[in-house]
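As a plain string of letters, each chain reads:
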Amino acid sequence: MAFWDYLWQGRASDFDSGSAGSNSIELTKRRPSVSLSKQGAATGNLRVNLSWRMRTSDIEDRSRQNSSLLRHPLKLFKPDVVQAHTQGMVNVDLDLGCMYELTDGSKGVVQPLGGFLGDLNDPPFVKLSGDDRFGSGSGETIYVNLDHWEEIKRLLFFVYIYDQTPAFDRTHAHVTLYPSSGPRIEIELDEDAPEARSCAVFSVENVKGELIVRREVKFVYGFQAELDRLYGWGLQWGRGYKTKT
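Residues numbered from 1 in each chain as written. Predicted model: local features only at pLDDT ≥ 70, side-chain atom pairs only at ≥ 80, totals over all residues. Heavy atoms only, no water.

## Remarks on the environment of L94
Structurally, L94 can be placed in strand β4 (residues 94–102). Taking C-alpha positions, L94 is 8.8 Å from A173, a pair spaced 79 residues apart along the chain. (Helix = DSSP H or I, 4+ residues; strand = E, 2+ residues; numbered from the N terminus.)

And the structure:
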């Protein structure tokens with residue numbers, strides 16, 4: 001059975017991200033996990049936000065290039081090039097997604113690709129707010145309704161580059177978790193993997209009644225199917241496309 005067979009149509013919801021504290025916890029290799037239950041944050045809506053921007057060096061390079069437009073106006077119509085292992089346009093489109101497995105055995109994915117936006121008040125209790133294709137300040141956000149945490153077995157949040165040259169090394173990308181209470185949780189995508197197209201960022205697992213957030217930050221050179229194999233989800237994947245803006 002294909003993964004989209006597990007997704008339900010849901011009713012519209014007003015999101016309430018709670019009031020996370022101003023302090024933060026950064027998950028690193030040395031400190032890879034934190035318990036939401038012990039923080040008293042295993043209720044309400046968990047807000048997960050992906051944001052990114054181009055590295056300062058790239059912005060400076062583009063500024064220098066723009067200064068030559070007065071002398072060479074036709075360069076305005078030529079796309080910028082990323083000098084990585086392969087060449088491609090700089091306008092990287094990062095997407096945030098989440099594979100889920102519920103305690104009743106249901107499995108699936110919430111992601112922009114294919115328009116699988118999920119549902120907050122019904123299974124899978126995971127909802128994508130929208131698709132940011134331009135790296136805006138708000139980024140992309142997924143909400144998890146932790147009032148139903150007993151029905152959630154595990155979640156895997158991941159980021160992938162949609163239909164562009166691999167350029168994780170050219171972006172400052174980070175994921176922030178905003179629990180309903182307590183400090184926010186920060187995860188930087190700071191590994192050196194210039195050719196990677198996808199990254200498993202963090203997992204949330206129900207371990208004997210305790211919700212554990214664990215940093216993963218594992219880059220792969222394929223897409224969701226490769227992340228699926230790495231974490232043993234067992235879904236079936238096919239080629240997907242976005243609608244044109």
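## A short note on the pairing of strand β13 (residues 210–220)
Of all 11 residues in β13, 8 are buried; the element is thus mostly enclosed. Where strand β2 (residues 33–35) and β13 come together, 3 bridges link them in antiparallel fashion. Its bridge partner lying in β13, S35 is registered against I212. Looking at chain direction, strand β12 (residues 198–207) and β13 are connected through 9 bridges and run antiparallel. Each residue of the ladder has a partner; that of S198, found in β13, is V220. Counting the residues in the hairpin turn of β12 and β13 gives 2 residues, including K208, whose phi is positive at 50°. (Buried < 20%, exposed > 50% of the residue type's maximum accessible area, 1.4 Å probe, protein only. Pairing = 2+ DSSP bridges.)

## Some thoughts on the pairing of strand β11 (residues 183–188)
Pairing analysis gives 4 bridges linking strand β10 (residues 171–178) to β11, with the strands arranged antiparallel. Note on β11: the bridge partner recorded for V175 is I187. Between β10 and β11, which follow one another and run antiparallel, lie 4 residues, and G182 among them has a positive phi close to 85°.

## Quick notes on the sheet that holds β4
Judged by pairing direction, the sheet is antiparallel, and its 6 strands sit side by side in the order β2-β13-β12-β9-β4-β5 without closing on themselves. For this open sheet the edge positions go to β2 and β5 (107–110), each flanked by a neighbour on one side alone. Sheet twist, expressed as the average angle between the axes of neighbouring strands with direction ignored, equals 20°. Sheet topology note: the β4/strand β9 (residues 152–161) ladder contains 9 bridges and is antiparallel. Bridge pairing in β9 places C98 opposite F157. (Axes fitted to C-alpha atoms, helices over the stretch in contact; angles between N-to-C directions.)

## Remarks on the confidence of the model for the chain
Per-residue confidence for the chain averages 76 on the pLDDT scale, and 66% of its residues sit at or above 70. This model gives residues 57–65 a pLDDT under 50, and the stretch forms 6 contacts once residues within four places in sequence are excluded. (pLDDT = per-residue confidence, 0-100. Contact = heavy atoms within 4.5 Å.)

## Quick look at helix α2 (residues 224–231)
What α2 keeps buried is the set Q224, L227, D228 and Y231. Buried positions in α2, seen along its axis, are confined to an arc of 105° and lie on one side of it. G232 sits one or two residues past α2 and shows a positive phi near 65°. (Arc of directions from axis to C-beta.)

## So, the side chain of R154
Note that R154 resides in strand β9. Here the side chain of R154 touches E101 through a polar contact of 2.6 Å, side chain to side chain. Only 3.1 Å separates the side chain of R154 from the backbone oxygen of Y231, close enough to count as a polar contact. Residues contacting R154, with those up to four places away along its chain left out, are M99, Y100, E101, V204, E205, Y231, G232 and W233. (Polar contact = N/O pair within 3.5 Å; in protein donor to acceptor, adjacent residues only side chain to side chain.)

## Observations concerning unusual backbone geometry
The omega torsion of the bond from P123 to P124 falls at 15°, within 30 degrees of zero and hence cis. Checked against the element boundaries, P124 lands in the loop between β6 (118–119) and β7 (126–128). Positioned with a positive phi, F125 is a non-glycine residue whose angle comes to about 65°. Locating F125 in the fold gives a position in the loop between β6 and β7. Even without a glycine there, the phi angle at K208 is positive, about 50°. Note on placement: K208 falls in the loop between β12 and β13.

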